[in-house]
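Geometric and topological summary
The chain contents come next:
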Amino acid sequence: MNIPDTLYIESACRIVPGQAWKDDELIFGQAGTSTESFLVGLYKELQVNYPKWYKMDRLSQLGLLAAELLLPRTLGEAGAKPMDTAIVLSNRHSSLDTDTRFADQLADIPSPAVFVYTLPNIVIGEITIRFGIKGEQAFYLMDKPDWAFLQQVTQALFSEGQVKYCLLGWVDLFQENYEAVMFLVSANAGGGESRKIMNTKNLYQYHEQGAVN
Amino acid sequence: MNREQLIEDLKGQIIEQLNLQQVTPADIKADDPLFNEGLGLDSIDALELIVLLQQKYSVKLANAEDGPKVFQSVGSIADFIIATKAEKS
């Protein structure tokens with residue numbers, strides 16, 4: 001088994017109210033609009049053209065757009081096979097945004113299409129369908145991003161020798177508050193020099209500052 | 001509402017209920033298949049259609065086995081609504 005000593009941040013993205021960043025570049029800005037308006041605006045800006053996106057709940061829409069910022073349309077272009085790529089995501093509000101919508105419908109006939117999104121890990125499922133990912137997956141609930149823990153989980157996945165890429169991140173949405181921070185991590189030692197080493201300091205720094213020194 | 005009017009009404013309801021943002025009523029032909037080819041609906045959409053029939057047209061699909069035949073196209077849904085309402089009255 002080839003256990004990598006070092007993991008690298010191939011790319012990172014950050015979506016905060018009104019702004020979407022890839023690495024340290026502002027990709028899309030739309031201040032003062034609702035969560036829906038911003039998500040639709042970013043969807044159009046990225047030219048995603050995936051009609052199923054409109055059927056998703058807002059948490060899955062946010063997670064899919066973050067993945068769209070990071071990943072090539074097919075992972076094969078990056079040299080990854082479906083089983084090579086893992087996904088580790090986390091958030092604070094679970095699927096509460098959709099849970100409350102579903103609860104509001106209970107007096108009438110609730111929508112099955114809303115019900116299927118009343119779990120936070122469905123966002124992972126939507127990303128795997130879109131990008132053909134079939135590797136290990138995990139979703140953690142935590143009060144705030146614990147990058148030290150998430151880094152350990154990611155290291156453990158790579159140490160088992162099955163994973164070459166991991167999509168690691170925080171995807172949180174409730175009402176008008178939303179935030180996504182996602183990293184594409186690899187063990188590829190032969191990548192570009194601009195990449196940063198994946199460690200707790202760099203993960204926190206990108207999350208808080210939008211750049212890694 | 002006659003069959004043609006019902007079909008037009010159904011097209012609008014389906015687009016709204018299933019959130020088919022890039023589809024217009026003119027894109028849906030009465031005999032086009034709704035699942036797989038055609039509109040490409042999936043199993044969750046089938047459940048949404050059952051809810052739609054109950055909420056908007058007060059019609060229940062009593063036997064799940066009838067689903068594939070009833071939901072074959074917008075035209076077959078209209079025929080099902082008309083036949084069920086005729087049975088009731």
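Reference entry: report on the structure contained in this document. Not measured: the values here are computed from a predicted model. Each chain has its residues counted from 1, following the order in which its sequence is written. Numbering of ligands from 1 and lettering of chains from A proceed in the order in which they are written. It should be noted that, the model being predicted, local features are given only for residues of pLDDT at least 70 and side-chain atom pairs only at 80 or more, the latter also being counted only at that level, while totals for whole chains, interfaces and linings use all residues. Excluded from the side-chain calculations are hydrogens and water; all other atoms, namely the structure's heavy atoms, are used.

With that out of the way, let us pick up the interface of chain B and chain A. When the parts of a complex come together, some accessible area is lost, and that lost area is often taken as the interface size. Residues are treated as being in contact if the distance between any of their heavy atoms lies within 4.5 Å. Counting from both sides, the interface comprises 13 residues of chain B and, opposite them, 13 residues of chain A. By convention, the term buried area covers the 1.4 Å-probe accessible surface removed from two parts as they join, with the contributions of both added. When chain B packs against chain A, the two sides together hide about 1000 Å² of surface, and 58% of this comes from carbon and sulfur. Within this document, salt bridges are pairs made up of a side-chain nitrogen of Lys or Arg and a carboxyl oxygen of Asp or Glu, the two lying within 4 Å of each other. At the boundary of chain B with chain A, the tally comes to one salt bridge. For Lys55 of chain A, the salt bridge goes to Asp45 of chain B, with nearest N and O atoms at 2.8 Å. In the analysis that follows, any N or O atom pair within 3.5 Å is treated as a polar contact, provided that within protein one partner can donate a hydrogen and the other can accept it, and provided that, for residues neighboring in sequence, both atoms belong to side chains. Seen at the junction of chain B and chain A, the total is six residue pairs in polar contact (both at pLDDT 80 or more). Gly is put with the polar residues, along with every residue not named as nonpolar or charged; the nonpolar set is Ala, Val, Leu, Ile, Met, Phe, Trp, Tyr, Cys and Pro, and the charged set is Asp, Glu, Lys and Arg. The residue inventory of the side of chain B that touches chain A, partitioned by class, reads six nonpolar, five polar and two charged.

On to the pattern of salt bridges, then. Side-chain pairs of opposite charge can arise whenever the charged atoms involved come near each other. Residues and elements named next belong to chain A. Tallied over the entire structure, the rule returns 11 salt bridges over all chains. Here Asp97 and Arg58 are joined by a salt bridge, their closest N and O atoms 2.8 Å apart. With a gap of 39 residues between them, Asp97 in helix α3 (residues 96–105) and Arg58 in helix α2 (residues 58–70) connect regions that are remote in the sequence. Take Asp97 and Arg58: they sit in the same class, and that class is buried. A salt bridge links Arg58 to Glu176; its shortest N-O distance comes to 4.0 Å. Placement of Arg58 in helix α2 and of Glu176 in the loop between β6 (165–174) and β7 (177–186) is noted, with a sequence separation of 118 residues between them. By the criteria applied, helices consist of DSSP H or I runs no shorter than four residues and strands consist of E runs no shorter than two, each listed in order from the N terminus. Partly exposed residues are those whose accessible area sits between 20% and 50% of the maximum for their type, while under 20% is buried and over 50% is exposed, using a 1.4 Å probe and protein chains only.

Next up on the list: unusual backbone geometry. All names here are of chain A. The phi dihedral of Gln47 is positive, around 50°, even though this residue is not glycine. Mapped onto the secondary structure, Gln47 falls in the loop between α1 (35–45) and α2. Residue class for Gln47 comes out exposed when judged on its relative accessible area of 63%. Even without being a glycine, Gln175 presents a positive backbone phi close to 55°. Secondary-structure assignment places Gln175 in the loop between β6 and β7. With a relative accessible area of 47%, Gln175 lands in the partly exposed category.

The next thing to look at is the side chain of Ser95 of chain A. Residues and elements named next belong to chain A. Structurally, Ser95 is set in the loop between β4 (85–91) and α3. Taking relative accessible area as the criterion, Ser95 reaches 3% and is therefore assigned buried. Those residues in contact with Ser95 that lie beyond four places of it in its chain are Tyr117, Thr118, Leu119 and Pro120.

On to the pairing of strand β1 (residues 8–16) of chain A, then. Residues and elements named next belong to chain A. For β1, the tally of buried residues reaches eight of nine residues, placing the bulk of the element in the interior. Strands qualify as paired when DSSP identifies two bridges or more between them. Where β1 meets β7, seven bridges bridge the pair, whose relative direction is antiparallel. If you follow Ile15 over to β7, its bridge partner there is Ala180. Strand direction decides the pairing type here: β1 and strand β8 (residues 196–197), joined by two bridges, are antiparallel. Its bridge partner lying in β8, Ile9 is registered against Lys196. As paired strands, β1 and strand β2 (residues 19–22) are joined by four bridges and run antiparallel to one another. Of the residues in β2, the one forming a bridge with Arg14 is Trp21. The antiparallel pairing of β1 with β2 creates a hairpin that spans two residues between the two strands, and Gly18 there sits at a positive phi of about 85°.

In this section: the packing of α1 of chain A against α2 of chain A. Two packed helices can be described by the angle between their axes and the distance between those axes. Residue and element names in this part refer to chain A. Interhelical geometry of α1 versus α2 gives an angle of 35° and a closest axis separation of 11 Å. Regarding α1 and α2, the two cross each other, and that crossing is left-handed. Note on element contacts: α2 touches α1 through Arg58, Gln61, Leu62 and Leu65, opposite Thr35, Glu36, Leu39, Leu42 and Tyr43. In terms of residue class, the contact of α1 with α2 is built from five nonpolar, two polar and two charged. Convention adopted: a line fitted to C-alpha atoms gives each axis, helices being fitted over their contacting stretch, and angles between N-to-C directions are expressed from 0 to 180 degrees. Should the near helix be turned anticlockwise from the far one by less than a right angle, the crossing is left-handed, and should it be turned clockwise, the crossing is right-handed.

Further remarks concern helix α1 (residues 3–17) of chain B. Residues and elements named next belong to chain B. The first and last C-alpha atoms of α1 sit 20 Å apart over 15 residues, in line with the 21 Å expected at 1.5 Å per residue. If you check which residues of α1 are buried, you get Leu6, Ile7, Leu10, Lys11, Gln13, Ile14 and Ile15. Measuring from the side-chain oxygen of the N-cap residue of α1 to the backbone nitrogen of Glu4 gives 3.1 Å; that N-cap residue is Asn2. Of the residues one or two after α1, Asn19 is the one with positive phi, at around 55°. One fewer than the residue count of a helix, multiplied by 1.5 Å, yields its expected span.

Honestly, it's all geometry; don't read function into it.
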